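Breakdown of the fold
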Amino acid sequence: MRIHFLFFVLCIANIQTLLSAARPDVVLVMLDDSGYTDFGCYGSKVDTPNIDAFAKEGIRFTDCHAAAPNCSPSRAGMLTGRIPPRVGLYSYIPPNHPMHLPDEEITIAEILKKEGYATGHFGKWHLSSLEYREQPGPNQQGFDHSLGTSNNAKPNHLNPVNFVRNGEAIGQVKGYSCQVVVDETNEWMEKVPKEQNLFACVWFHEPHSRIASPPELVAKYEARGMKKKDALYYANIENVDIAFGRLMNKLKELGREENAFVFLTSDNGGVNAFSNQGLRGKKSFVYEGGQRDAGILRWPKKIPVGQIRHETISHLDLLPTLCDATEVARPKGVKLDGTSWMPMLNGKCLDRTQPLFWFFYRVEPAAAMRMGEYSLLGYLEKPPKKFSHGLSPVDMPWIKQAKIVSYELYNLREDLAQTKDLSKSHPKKLAEMKKAMASIHADVLTDGPNWKW
Ligand SMILES: [Ca+2]
């Protein structure tokens, strides 16, 4: 009996060792405000050799979407797998503001930490105030180690003065923000024991304004005939590419790259026309230009190289995907809004049961929803007054009760630029999608907290 029991214990121990050995490391890399066409492999003129090589070694997605067209909500959606207003992120978080990612929300970091992963957050956070208020920061949301900022690098990307490490302001740091962020990530990864898995969020500040870029890179683009402003921007993206290359090299050096799930994307659409080529709108708009992003996944142990895929994916999918990839149960009693990619990565279809939905009250239209090749846009009733840039006490009750009253409908397969409104000519499709949009909109806003000032 005792021998049997011992054998049983040994078997379990072995299975657990095998499972943890098979679990991937996870690195989520995100730029701030880069658009759909800001990397060479998506058609940009900027030199991004490291990102292009990375895409060739994995899957480059053509239909990848942020959870929101704006900073804080997008980041909340990625970490929780929930549509941002559902968790109370209605807009970007201004300084010293009550809105933040609530402590009770379950993040990918919390899930993986519980499974024994070392967890680190590096770069822009923007899910709470790290300076003014007692709000949960990265270290309270599942990250063992963090270095970053509440919002943008100040005064710009060069020698930033507002970095906070594990809750402590550290004063000025020398260097460009993206390189500083990768320095810290690499040092941290070196310290993670070989047998322990790691999860890192590497969320660059670039290319969000205020921009600072290495002069030699700026000169290179000016020599190609670009205006100074554009050259600064291109150089900024290339500087991130260089930093990203250093990150990937470190994973390789540590023997972790083969079984590393590395996903690279942006938090929302770009602000320049050349950043969102062929798309309508830009950052903050729920048209494609505001929320369609580059999305590249590399995971050599699991997925074949050199794929370009056209499935519609969202950052909301990362939490369920990573639960499946690491064989961890999804959080109990939590309404998740994304769909796992694992069946797709295993050669089956991506089976999305709930349409993707975007909501950003400050712009018109304020809502978007995707069903197959169709995109529905929804306009809210007119607000009693013009919105302030930051969420205000007057906006809050209005957001909760405002109804969607008019629509535009586009077929993205035929009209990616969203120029031909089909809402009049396709009444059946419109009716089907209106109903689904009303249902998700109501559900999400019922869940979302009411912030108090
Ligand atoms: Ca942003």
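Residues numbered from 1 in each chain as written. Predicted model: local features only at pLDDT ≥ 70, side-chain atom pairs only at ≥ 80, totals over all residues.

Looking at the protein chain, the domain boundaries give domain 1 (23-345) and domain 2 (356-447). One C-alpha centre belongs to domain 1, the other to domain 2; they are set 26 Å apart. On the domain 2 side, the residues contacting the 23 residues of domain 1 number 23 residues. (Domains from an automatic or database assignment. Contact = placed C-beta atoms within 7 Å.)

Glancing now at the confidence of the model for the protein chain. Interpreting fine coordinate detail is not advised for predicted regions of low pLDDT. In the predicted model, the protein chain carries a mean pLDDT of 95, and the fraction of residues at 70 or more is 95%. Taken as a whole, residues 5-20 scores under 50 in pLDDT and shows three contacts with residues more than four places along the chain or in a different chain. (pLDDT = per-residue confidence, 0-100.)

Our next topic: the pairing of strand S7 (residues 198-203). Counting buried positions over the six residues of S7 gives six, a clear majority of the element. Side chains Leu198, Ala200 and Val202 project from S7 onto one buried face, and the interleaved Phe199, Cys201 and Trp203 project onto a second face that is buried too. In this structure, strand S1 (residues 25-31) lies alongside S7, joined through five bridges in parallel fashion. Each bridged residue has a counterpart across the sheet, and for Val29 the counterpart in S7 is Val202. The pairing of strand S3 (residues 118-124) with S7 spans six bridges and is parallel. Across the sheet, residue Gly120 finds its bridge partner in S7, namely Ala200. (Buried ≥ 20, exposed ≤ 12 C-beta atoms within 10 Å, placed from the backbone. Helix = DSSP H or I, 4+ residues; strand = E, 2+ residues; numbered from the N terminus. Pairing = 2+ DSSP bridges.)

Looking now at the environment of Thr119. Assignment of secondary structure puts Thr119 in strand S3. Sequence separation of Thr119 and Phe199 is 80 residues, and the distance between their C-alpha atoms is 4.8 Å. For Thr119, the residues in contact, after removing those within four places along its chain, are Ala109, Leu112, Lys113, Gly142, Phe143, Asp144 and Phe199.

Generally speaking, soluble globular proteins have nonpolar side chains that are buried together. Membership of the largest hydrophobic core comes to 119 residues, with the highest contact counts inside it found for Val29, Val202, Val286 and Ala367. If one sorts the elements of this core by residue count, helix H7 (residues 228-253) sits on top with twelve residues. Once residues within four sequence positions are removed from consideration, Val202 is found in contact with Val27, Val29, Phe122, Gly123, Val181, Thr185 and Leu247. (Core = buried A, V, L, I, M, F, W, Y, C linked by C-beta atoms within 7 Å.)

In this model, helix H12 (residues 427-447) (21 residues) spans 30 Å end to end at C-alpha, consistent with the 30 Å of a helix rising 1.5 Å per residue. Among the residues of H12, Met433, Met437, His441 and Val444 are the ones counted as buried. Taken down its axis, H12 places every buried residue within 70 degrees of arc, on the same side. With respect to the buried face of H12, the exposed residues turned more than 90 degrees away are Pro427, Lys428, Ala431, Lys435, Ala442 and Thr446. (Expected span 1.5 Å × (residues − 1). Arc of directions from axis to C-beta.)

Moving on to the packing of helix H2 (residues 49-56) against H7. Packing of H2 against H7 brings their axes to within 7 Å, and their N-to-C directions diverge by 50 degrees. One element, H2, and the other, H7, form an angle in the oblique class. Residues Pro49, Asn50, Ile51 and Phe54 of H2 touch H7, and the partners they reach there are Asp241, Phe244, Gly245 and Met248. Looking at the contact of H2 with H7, its residues break down into five nonpolar, two polar and one charged. (Axes fitted to C-alpha atoms, helices over the stretch in contact; angles between N-to-C directions. Parallel < 35°, antiparallel > 145°, perpendicular 65-115°, else oblique. Nonpolar A, V, L, I, M, F, W, Y, C, P; charged D, E, K, R; others polar.)

Taken together, the four strands give an open sheet; going across it, the order is S12-S13-S14-S15, and neighbouring strands pair in antiparallel fashion. The open sheet has two free edges, formed respectively by strand S12 (356-359) and strand S15 (404-411), since each of these has just one partner strand. Strand-to-strand twist across the sheet, computed as the mean angle between neighbouring axes with direction ignored, equals 15 degrees. Relative to strand S14 (residues 374-380), strand S13 (residues 367-371) is paired through five bridges, and the arrangement is antiparallel. Bridging from a neighbouring strand, Ala367 pairs with Gly378 of S14. Each of S12, S13, S14 and S15 is contacted by H12, which is oriented at about 120 degrees to S13, the strand it contacts most.

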